[in-house]
Amino acid sequence: MANPLAGQPGQPATITTGFDGGTTGVEGFTVAVLPTSTSNHTFMCHEIGHVFGFDHTFGLDNNGTDWNPGDSNVILGPEYGSPYDLMSSASFGTRWLGTGPFWAASPTFNGPAVSGWPNANSVLSMGPHLSRANLHRFMPDALAGRVVERPFPPPGGAVRVRLVPASASKGQSLLILHPPNEPANGVGRVYVEYRTARGWDAGMDLLGPSLSREGVVVHSLVDRPNVGPRVWYRGSIPAVSVDTDVAVATTPLVVQIHDIDPERNWVEVSVTIGAGRRVEIVRGNHSDDVMDVIGAVQQIRTPCGDAIRKGTFATSTFSQFRIRTTGFGGDGGPAVPAATVTWTVGGVPATGNGGTLNVAYNGATFAVQYTIDPVVFELSLTSRGGERFVVPVTVTITGDGTTATASTTFTAQGWFEGIHPEDEAILAGCFRRIFERYQQMPRVFRKPTPEPEWRFDVREEVQRLWYVQTARLINEVPGLDAAGRTAFRQLVNVQVEPTKTMLGALAAVGIDYSVSEADITAWLENPEYTPYPALAEALLTRLSGNRLRRPVFFDVIAYNYEHTPEVSSPRTVEEVHTGVLEAAILEGSNNRYGEQITNFADLLAVNDDDAVLTRIPVNADGEVWRMGRVQYADPG
């Protein structure tokens with residue numbers, strides 16, 4: 001700098017001297033003194049923050065007030081203790097001196113160089129934002145319309161809100177919780193906000209050891225002796241973490257993440273009084289990938305005349321299992337030991353970061369490949385192609401002397417019978433054309449895609465229920481002409497093995513047979529010369545939602561129907577007389593069980609807990625197919 005004594009004997013034109021930049025008072029005004037050649041944006045904005053009236057934030061014990069770190073006197077204190085606030089920029093809660101424990105936060109990032117600035121590269125460091133807590137404490141009008149204010153929840157109650165990140169230009173970005181009997185200065189209130197690596201928060205980390213990671217951040221307002229109320233950091237819940245909650249020290253509150261937008265545009269949080277320790281398995285990505293063809297592939301046509309392939313296809317199943325814990329997040333302190341996570345698959349421990357497990361199912365052994373994410377402990381499992389089995393998957397969390405477990409299943413489909421995946425788009429196009437013509441039909445004719453956790457018997461029952469429901473719709477929707485009924489039957493049948501599925505559906509409603517399976521199959525596959533296809537569909541329609549209390553032989557029902565005086569043998573379901581069909585069932589049941597029941601309703605197992613049709617829940621409209629994830633959405 002220029003020497004103010006230049007020109008005097010022995011005085012050079014310029015001198016080098018040191019001074020402490022910062023904020024001070026000049027004639028009653030707050031003034032920021034900023035050495036332009038060495039200051040960066042973070043430092044300058046921090047000091048200008050003081051000019052605007054903002055004070056330091058507090059929290060973690062750190063070395064931010066140790067202005068002589070090279071001497072032997074280590075100074076440790078809570079000032080500058082928030083990893084998420086510009087006004088803690090002396091250290092952002094970092095502890096690096098003394099004997100430890102040590103931790104660090106680095107919420108800054110390097111911005112563009114400033115042209116013409118002395119030593120332009122020294123000003124690159126920028127960020128982070130003011131915490132919303134500190135901004136509201138000293139300048140509440142800056143957050144007008146963007147704050148949610150609630151009292152502390154009662155025991156057993158909860159506060160649940162959706163917040164946008166601090167860097168968002170609109171939306172609610174701060175939750176304030178007011179304690180009972182809060183004093184006028186606000187001491188005791190709790191602040192909850194969401195921080196993502198955008199804008200002036202671009203220095204936030206998604207993963208890693210830094211304390212300033214993306215996630216939900218909690219502060220409270222504390223009365224500092226001889227200073228007054230100050231914002232105090234209470235912990236965070238990283239967005240990518242096993243932990244989903246944090247206990248707010250000095251309060252009974254627990255803050256928990258419930259959901260995060262994949263695009264990081266919002267987070268849903270809840271606040272409760274205390275939280276039980278538990279773990280939950282959350283399913284991630286799942287796929288059944290075709291590996292090979294089993295046997296011959298049939299060339300068939302859709303109702304629209306398009307050629308498609310149908311057959312049996314071997315699959316390899318891939319499933320991811322994530323975990324969410326509550327009650328293991330501690331009080332937000334960086335020195336809290338992390339909970340331990342262990343997985344077992346089929347009772348076999350999965351150790352390390354990956355490998356192969358040999359699991360048992362029905363007397364056979366199957367190899368399952370696995371990986372475990374070292375940060376969030378997500379488990380990924382992959383089966384070999386063409387192997388069908390189900391094994392339990394269990395996670396155990398241990399922390400602070402407490403253990404919690406959760407279980408689900410890994411279901412390897414092994415194979416499926418249906419349309420070649422490469423031809424699904426052709427079938428979807430046919431669906432669209434048919435629904436454009438018959439707009440009165442519900443768009444529910446796609447076979448339900450099984451949920452990953454469904455057992456094989458559940459999958460089969462869901463398919464049977466869907467088959468029965470579609471048969472009823474085809475026959476009962478008014479205004480559907482014969483061509484439409486034929487087209488929709490074909491749409492259903494191209495997705496399944498029709499005869500096999502029909503026999504399973506009949507068995508589910510209490511219809512069996514006394515002849516060989518080969519005979520009943522041959523009759524069902526011959527609509528031109530036998531009544532069996534028409535009668536089978538009529539039976540499913542009549543018994544939809546019910547079942548017979550005791551089974552009745554299908555072949556006997558057909559015999560009784562055909563030998564009813566003045567009734568012709570039906571070839572379509574429209575030709576079947578419901579009253580004659582009920583009488584044929586009654587006669588078959590009475591002859592089989594030596595009874596003389598005269599009322600058809602007495603044969604039904606309605607509301608009989610020992611013989612209900614299914615224990616699989618359906619939606620309010622009774623649409624079982626809505627339970628499944630639809631890989632290819634119904635058109636329209």
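Residues numbered from 1 in each chain as written. Predicted model: local features only at pLDDT ≥ 70, side-chain atom pairs only at ≥ 80, totals over all residues. Heavy atoms only, no water.

K.L.:
Looking at this structure, I do not really get the overall build of the chain. What am I missing?
P.N.:
Scanning the chain from terminus to terminus reveals 10 helices and 27 strands. Relative to the compact-globule value of 26 Å for 636 residues, the chain shows a C-alpha radius of gyration of 35 Å, a clear excess of over 25%. With respect to the three principal axes, the spread of C-alpha positions in the chain is 135 × 50 × 50 Å. Here the chain holds 636 residues, and the buried ones make up 47% of them. Long-range contacts, defined as pairs at least 24 residues apart, comprise 62% of the intrachain contacts of the chain with a sequence gap of at least 6. Accessible area of the chain: about 30000 Å², with a carbon and sulfur share of 51%. Separation between the mean location of the 48 positive side-chain charges and that of the 67 negative ones in the chain comes to 2 Å. (Helix = DSSP H or I, 4+ residues; strand = E, 2+ residues; numbered from the N terminus. Rg over C-alpha atoms; globule rule 2.2 N^0.38 Å. Buried < 20%, exposed > 50% of the residue type's maximum accessible area, 1.4 Å probe, protein only. Contact = heavy atoms within 4.5 Å. Areas by Shrake-Rupley, 256 points an atom, 1.4 Å probe, with all protein chains shown as cover. Lys, Arg positive; Asp, Glu negative; His and termini not counted. Charge placed at Lys NZ, Arg CZ, Asp CG, Glu CD.)

K.L.:
Can you walk me through the sheet that holds strand 13 (residues 245–247) in this structure?
P.N.:
Each strand in a sheet pairs with another by means of backbone hydrogen bonds, the pair being arranged parallel or else antiparallel. Taken in spatial order, the 4 strands of this open sheet run 8-15-14-13, and their pairing is antiparallel. For this open sheet the edge positions go to strand 8 (158–163) and strand 13, each flanked by a neighbour on one side alone. Sheet twist, expressed as the average angle between the axes of neighbouring strands with direction ignored, equals 20°. Relative to strand 14 (residues 253–260), strand 13 runs antiparallel, the two sharing 3 bridges. The residue bridging A247 from the neighbouring strand is V254, located in strand 14. (Pairing = 2+ DSSP bridges. Axes fitted to C-alpha atoms, helices over the stretch in contact; angles between N-to-C directions.)

K.L.:
Can you help me understand the state of the cysteines in this one?
P.N.:
A disulfide bridge is the covalent bond that connects two cysteines by way of their sulfur atoms. Summed over all chains, the structure comprises 1 disulfide. Each sulfur of the disulfide joining C304 and C430 lies 2.2 Å from the other. In this structure the cystine formed by C304 and C430 twists about its S-S bond by roughly 90°; its chirality is therefore right-handed. Here the residue C304 occupies a position in the loop between strand 16 (278–301) and strand 17 (307–326), and C430 occupies one in helix 3 (residues 424–437), the gap between them amounting to 126 residues. (Disulfide = S-S within 2.5 Å.)

K.L.:
Please explain the packing of aromatic side chains as it appears in this structure.
P.N.:
Each aromatic ring pair is characterised by the separation of its centres together with the angle its planes make. The full count for this structure, using the stated rule, is 14 aromatic pairs. With a centroid separation of 6.0 Å and 75° between ring planes, the pair formed by F54 and F138 is classed as edge-to-face. Highlighted residues: F54 in the loop between helix 1 (41–51) and strand 3 (58–62) and F138 in helix 2 (residues 132–138), separated in sequence by 84 residues. F54 gets classed as buried once you look at its relative accessible area, which sits at 4%. You can call F138 partly exposed: its relative accessible area is 23%. Members of the aromatic cluster, each reached through a chain of ring pairs, are F431, F435, Y438, F445 and F488. The ring of F138 is capped by R137, whose NZ or CZ atom sits 4.8 Å from the centre of that ring. The cationic tip of R162 hangs over the ring face of W266; the distance from NZ or CZ to the ring centre is 3.7 Å. (Phe/Tyr/Trp six-rings, centres within 6.5 Å; stacked < 30°, edge-to-face > 60°. Lys NZ or Arg CZ within 6 Å of the ring centre and 35° of its normal.)

K.L.:
Hey, could you run me through the pattern of salt bridges in this one?
P.N.:
Side-chain pairs of opposite charge can arise where the charged atoms are in close proximity. All told, the structure shown has 21 salt bridges when counted by the stated rule. Two residues, E182 and R189, come together in a salt bridge whose shortest N-O distance is 2.8 Å. Given a relative accessible area of 23%, E182 falls into the partly exposed group. The partner of D512 in a salt bridge is R592, and the shortest N-O contact between them spans 3.0 Å. Note that D512 is positioned in strand 26 (residues 511–512) and R592 in helix 10 (residues 578–593), a separation of 80 residues in sequence. (Salt bridge = Lys/Arg side-chain N within 4 Å of Asp/Glu carboxyl O.)

K.L.:
Explanation requested: the confidence of the model for the chain in the structure shown.
P.N.:
Where the model shows low pLDDT, its predicted coordinates should not be examined in detail. Chain-level statistics for the chain give a pLDDT mean of 87 and a share of 92% at 70 or above. Counting interchain partners and residues more than four positions distant, the pLDDT-below-50 stretch residues 607–636 has 60 contacts. (pLDDT = per-residue confidence, 0-100.)

K.L.:
How should I be thinking about the nonpolar core in this particular structure?
P.N.:
Nonpolar side chains in soluble globular proteins tend to be buried together. F445, F488, I511, F554, L581 and I585 are the most contacted members of the largest nonpolar core, which totals 58 residues. Elements supplying a minimum of two residues to this core: helix 3, helix 4 (456–476), helix 5 (482–493), helix 6 (498–508), helix 7 (517–524), helix 8 (532–542), helix 9 (554–562) and helix 10. At 7 residues, helix 8 tops the list of elements feeding residues into this core. Ignoring anything within four residues of it in the chain, the contact list for F488 reads I434, F435, Y438, M441, F445, I474 and L480. Residues F328, F366, V393 and V395 belong to the second largest nonpolar core, which totals 27 residues. (Core = buried A, V, L, I, M, F, W, Y, C linked by side-chain atoms within 4.5 Å.)

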